[in-house]
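# An overview of the molecular structure
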Amino acid sequence: MNDNLLWYKNAIFYELYVRAFNDSRGDGHGDLRGVVEKLDYVKELGVDCIWLLPIYPSPLEDDGYDIADYYGVHADYGTIEDFKALVNAAHERDIRVIADLVLNHTSDQHPWFQAARAGRNSKYRDYYVWSDTKDKYQDVRIIFLDTEESNWTWDETAGQYFWHRFYSSQPDLNYDNPQVHAEMFKVMKFWLDLGIDGFRADAVPYLYEREGTNCENLPETHAFLKKLRAFMDKYYPGRILLCEANQWPEDVRPYFGDGDEFHMGFHFPVMPRIYMAIRSGDGTPVIDILNRTPTIPDNCQWCTFLRNHDELTLEMVTEEERQWMWQEYAPEPRMRLNLGIRRRLAPLLDNDRRKIELANSLLFTLPGVPIVYYGDEIGMGDNVWLSDRNGVRTPMQWDASPNAGFSKADGDLYAPVIDDAVFGYQKVNVEVQRADSDSLYHTIKAMIAAKKQSAALQNGDFFWVEGDGNKSILAYLRSADKDSVLVVQNLSADEQVLTLKLPAGVPEKLKDILSEKEISVSGDSGLSLTLQPFEYLWLQI
Ligand code: NOJ
């Protein structure tokens, strides 16, 4: 495996839901051995690191984000041996593996919580946050708005209320208790010793509670996270921590510390703005949020994404923008969940190939490294009739055989395969798209390959390029040492004619990296262009 300690700065990530990916045992649930069978596919796409959604024993009230045992594998997914086999098989292919580390809460079925609720004198009582009243921390918002009325839930056995930021089946751990810290170091060590390459740390803003605050991003939280990082650096250099903090850029910035907290952090706010820009034909929201994004230390990296396993979150937009996004992208109430939209990329973008490619063009050329959500590389659809976020977690569509090639089960799958006229597996599947060089799959693969070959697109400096004040054009230069790429994108459904102001010394002919089309630069370092609706160009300079 490539031993560059900063490997994550240039990596392509793939978010993989084990239950949905490939069922090796024919029981209707994807499993770890199933993932092993498909690693060549992941490799072929150009992926450097897979992120596994929670694989631990769990009652699955929140699809595994409610952990009942940090040291095992859910029986549906296999065993610890299978996990080791997956890590080895991935490493043989130069693919790294990270998994969720859920620090903030456990399942209420976890033995710690069971012991805690059973007795005030149990040493586990203080692992959680209890109160005799619901009066504390009144300034704290509720995240799962559609189901939870309060962050406090009464526990009959305990005779007290317990604190939870997510479902009431997910009691928050008490980070004021040093024992809890020690437990988490132990958990990390266990998985790191099995060879895992790092963690996507779930819900980190919420670890501590302090009266009079919104209990998010507290200094105590950062102090603890820095300890996790120091531990990783000392014993496991080259393994990473990826921060899930759904916050404004200025509030995510401290999670990078001085390069001594997280290696990477999701850029949540840019994501909905990509959809806003494509729907309104106006790049201003993307420009504004990137201009508002602070620089980060050299050893850190942003993670960008278009979709993931959750609802498309609209927490980091204004109330007005949220209403507009709902109106445009979630016209039916069942498409909405909490403060978001529970749909996949392709249906959101009207299954319009031009818009899907354009969104991916932004994903692969804006600063940061991309995470592709499984199935979006073939334009999979969703099922809004399934509850919660399950509609975007349906089985991967491998081919047109029964069960989409996902499973040999005779009975029910964990969720039905998508079977409608537009997105059904008979039409939308890996086999068909691999065989068709014009497919979305091949376009995404080509974008990934192009990014991997370009120092500019990986970590180049970023500059906006002025395009006649035309708001439908989003243009920027990425440049590293001897490599520069000019990215020009038409966000609108109309043809755009424009002249871009280019820096001096630009050659007379520029080549689009993806199509190999040549474009001539007119005099005075101006570039006159006509862009088709939703067209994008990655011009090598
Ligand atoms: C964020 C995860 O992405 C989401 O799926 C989960 O429900 C919450 N954290 C709680 O763990």
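Please read all numbers here as calculations on a predicted model, not as lab measurements.

Once that is clear, we can look at the layout of surface pockets. Reported here for the largest pocket is a volume of approximately 580 Å³. Thr295, Ile296, Trp302, Pro367 and Phe462 are, among the 23 residues lining the largest pocket, the residues nearest its centre. Within the residue set of the lining of the largest pocket, elements represented by two or more residues are β10 (301-305), α16 (455-459) and β15 (461-464). For the lining of the largest pocket, the leading source of residues is β10, giving three residues. In terms of residue class, the lining of the largest pocket is built from 10 nonpolar, nine polar and four charged.

What follows covers unusual backbone geometry. The backbone phi angle of Asn217 is positive, close to 60 degrees, even though this residue is not glycine. If you trace the backbone, Asn217 turns up in the loop between β7 (198-202) and α7 (219-235). For Ala404, which is not a glycine, the phi torsion comes out positive at approximately 60 degrees. Take Ala404: it is sitting in the loop between β14 (369-373) and α14 (430-435). Given a relative accessible area of 0%, Ala404 falls into the buried group.

One finds Phe13, Tyr14 and Ile50 to be the most contacted residues of the largest nonpolar core, which totals 153 residues. Formed by 18 residues, the second largest nonpolar core is a distinct cluster that contains Val465, Ile473, Ile519 and Leu539.

About the thresholds
- All residue numbers refer to positions counted from 1 along the written sequence of the respective chain.
- Predicted model: local features are reported for residues with pLDDT of at least 70 only, side-chain atom pairs are reported and counted for 80 or more only, and whole-chain, interface and lining totals are derived from all residues.
- Hydrogens and water molecules were not included; the side-chain quantities draw on all heavy atoms of the structure.
- Method remark: on a 1 Å grid restricted to protein atoms, a set of points is classed as a cavity if a 1.4 Å probe fits but cannot get out and as a pocket if it is open with protein on both sides within 12 Å along at least five of seven lines; lining residues have an atom within 4 Å of a point.
- Grid points are joined across faces, edges and corners, and a volume is the space filled by probe spheres set on the points.
- We count a stretch as a helix when DSSP gives it H or I for four or more residues in a row; a strand needs E for two or more, and each element gets its number in order from the N terminus.
- Note on residue classes: Ala, Val, Leu, Ile, Met, Phe, Trp, Tyr, Cys and Pro are nonpolar, Asp, Glu, Lys and Arg are charged, and everything else, Gly too, is polar.
- Exposure classes here rest on a 1.4 Å probe applied to the protein chains alone. A residue is buried below 20% of its type maximum, exposed above 50%, and partly exposed in between.
- Put simply, a nonpolar core is a bunch of buried Ala, Val, Leu, Ile, Met, Phe, Trp, Tyr and Cys residues held in one set by side-chain atoms that sit within 4.5 Å of each other.

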